[in-house]
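# Geometric and topological summary
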Amino acid sequence: MSRPNIILIMTDQQRADTIGALGAPWMQTPHLDRLATEGASFTECFVTSPVCVGARASLFTGKYPHGCQVFSNFQPWQPTWVSSLADHGYHCVNIGKMHINPYDAPGGFHQRLIMENKDRPMFLEERDRAIYDEWDKALHARKLVKPSRYNRHAADPEGYKRALGAFAWDLDTDMHPDNFIGDTVCWWLEDRKNEDPLFLQIGFPGPHPPYDPTPDALAAYADVDIPIPTITEAELSAQPAAQHTLRDNMVEFNFDSIAWRRDLSPADLLRLRRHYAANVSMIDHQVGRIMAALDARGYLDNALVIFTSDHADALGEHGHIQKWTMYDSVVRVPLLFWSKNLQIKPGSRDELVQMFDVAPTILEAAGLPIPADFEARTLWGALSERADHQPRDAVYAELARDHIQTGSEFILMRRDRRWKIVIYLDDTAGELYDLQADPSEVHNLWHAEELRTLRDELAASCHQWLERGALFANRRPSRSPQRAMKI
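What counts and how
- Residues numbered from 1 in each chain as written.
- Predicted model: local features only at pLDDT ≥ 70, side-chain atom pairs only at ≥ 80, totals over all residues.
- Heavy atoms only, no water.
- Buried < 20%, exposed > 50% of the residue type's maximum accessible area, 1.4 Å probe, protein only.
- Helix = DSSP H or I, 4+ residues; strand = E, 2+ residues; numbered from the N terminus.
- Pairing = 2+ DSSP bridges.
- Core = buried A, V, L, I, M, F, W, Y, C linked by side-chain atoms within 4.5 Å.
- Contact = heavy atoms within 4.5 Å.
- Axes fitted to C-alpha atoms, helices over the stretch in contact; angles between N-to-C directions.
- Phe/Tyr/Trp six-rings, centres within 6.5 Å; stacked < 30°, edge-to-face > 60°.
- Lys NZ or Arg CZ within 6 Å of the ring centre and 35° of its normal.

This brings us to the pairing of strand S6 (residues 198-207). Across the ten residues that make up S6, a large majority, ten, are buried. Looking at chain direction, strand S1 (residues 5-12) and S6 are connected through six bridges and run parallel. Note that in S6 the partner of Ile7 across the bridge is Leu200. Taken together, the six bridges between strand S4 (residues 91-96) and S6 define a ladder with parallel strand orientation. Bridge pairing in S6 links Val93 to Leu200.

What follows is the structure, encoded as structure tokens:
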């Protein structure tokens, strides 16, 4: 490989079932369909943490949360391997969301055009951390007021509570955050003069809530029938105490413009999912524009394009919204690889992989050694279908207590092809699912007497896995929790 251009496109909170060509016929995603059909797709890709920063820190350090000591949002961290690409002659650029903390830290990049701030306040009351990102500045230049939980609630309190975080975008179309990122990337590519090989990380803020597609994008889903979950009291009652606490927090407080409710109707869930799907289609359109801009400048002649997300979204499944749980609907994400010239065998792979495996795969593509302390594994064996490739037999995810997930100090998931176990540090109860018989994870078998031996063996394997890495007890404390507005 001769130092290919490497384009890493990441969304925030995108489910695996949002790409039409990969079994979601209700989705309108022609450009992601192209990447999936012409390139390689991993249909069983799992994140190492069901929150943004934990998953992103894993990706950019090559380590699980217990290895990089980043378990939750607002913990300080910076990438480790981007500087290796820079030292190897790559021009390293980030446009959009990275979730580095501090948010404006260089992170090994030569250039960063930061767009972190969709709905959240960005610590403007803190002298040493206050930040206006590129989108803030652009909105101000247009004399536009950014939509937020505060002004939406003030304008229509009752409508806000009914919306479940789903609103139509009502400002200039080009100022929607995902359109803004796409425009910025295309402008930067057209303006670039440097001829060094390129590492370009693009971070879309969507489809993270608020679920806010433009009216035209939403209209395309007006009559689309999207599958919605069935939520039963039997399932909810079998969930561990930490999940009841999480649901209480989501109902009582207002996170990311979502006023969550317990009395969800099928119409509520369908409306929510149509807004979410429209957000994904908007990103798909921008991916198409970016691919065209890359092609026009000749970057795709020698390039590796990767598309993935930091975690997914329950969207009402299991009675939950957003993340902070270990269900597949939250920890399974899309992962696509595309190239004109590299040795990638087209087609889908259903082996278990972890999203942070992208890191050593990028380093190998660039001709760089993979650090000995990486817990991530290169995917080139699977991409090129090498005979000596050995897939993972299980995947893991970790989550610590934060200002939203307050019910447990530490949660650990282990998932193999058939069984998923989720253990809670401070609870004798947990979760156990037979994914072969119950792929939707609605029947918690934790207390099934006939499975006690299996459950205990899986729990023991989780503890052994942790012992091989850095212990979670040494994690750094979280800083500056996001402000929650009670409603």
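Here we come to the nonpolar core. Within soluble globular proteins, side chains that are nonpolar generally end up buried alongside one another. Core analysis: the largest hydrophobic core is formed by 111 residues, its most contacted members being Trp81, Leu85, Phe199 and Phe337. Each residue touching Leu85, except ones within four places of it in the same chain, is listed here: Tyr90, Cys92, Phe199, Ile362, Leu363, Ala366 and Leu368.

Spatial ordering of the open sheet is given by S13-S14-S15-S16, a layout of four strands whose pairing is antiparallel. Lying at the two open borders of the sheet, with one neighbouring strand each, are strand S13 (395-400) and strand S16 (431-434). When the angles between neighbouring strand axes are averaged without regard to direction, this sheet yields 10 degrees. In this sheet, strand S14 (residues 410-415) lies alongside S13 in antiparallel orientation, the contact comprising six bridges. Its bridge partner lying in S14, Ala397 is registered against Met413.

Turning our attention to the packing of aromatic side chains. Within the structure shown, the criterion is met by 15 aromatic pairs. With a centroid separation of 4.8 Å and 50 degrees between ring planes, the pair formed by Tyr64 and Phe356 is classed as tilted. Here Tyr64 is found in the loop between helix H2 (52-61) and helix H3 (65-68), whereas its partner Phe356 is found in the loop between strand S12 (353-354) and helix H14 (358-365), with 292 residues between them in sequence. Taken individually, Tyr64 and Phe356 each receive the classification buried, so the pair is uniform in this respect. For the ring pair Phe253 and Phe255, a centre distance of 6.1 Å and an interplane angle of 45 degrees mean the geometry is tilted. Of the residues examined, Phe253 reaches a relative accessible area of 24% and is grouped as partly exposed. Using a relative accessible area of 2% as the deciding quantity, one classes Phe255 as buried. Three or more aromatic residues joined by ring pairs form one cluster here, namely Phe60, Trp77, Trp81, Phe109 and Phe199. Positioned over the ring face of Phe167 is Arg152, at 4.4 Å from the centre of the ring.

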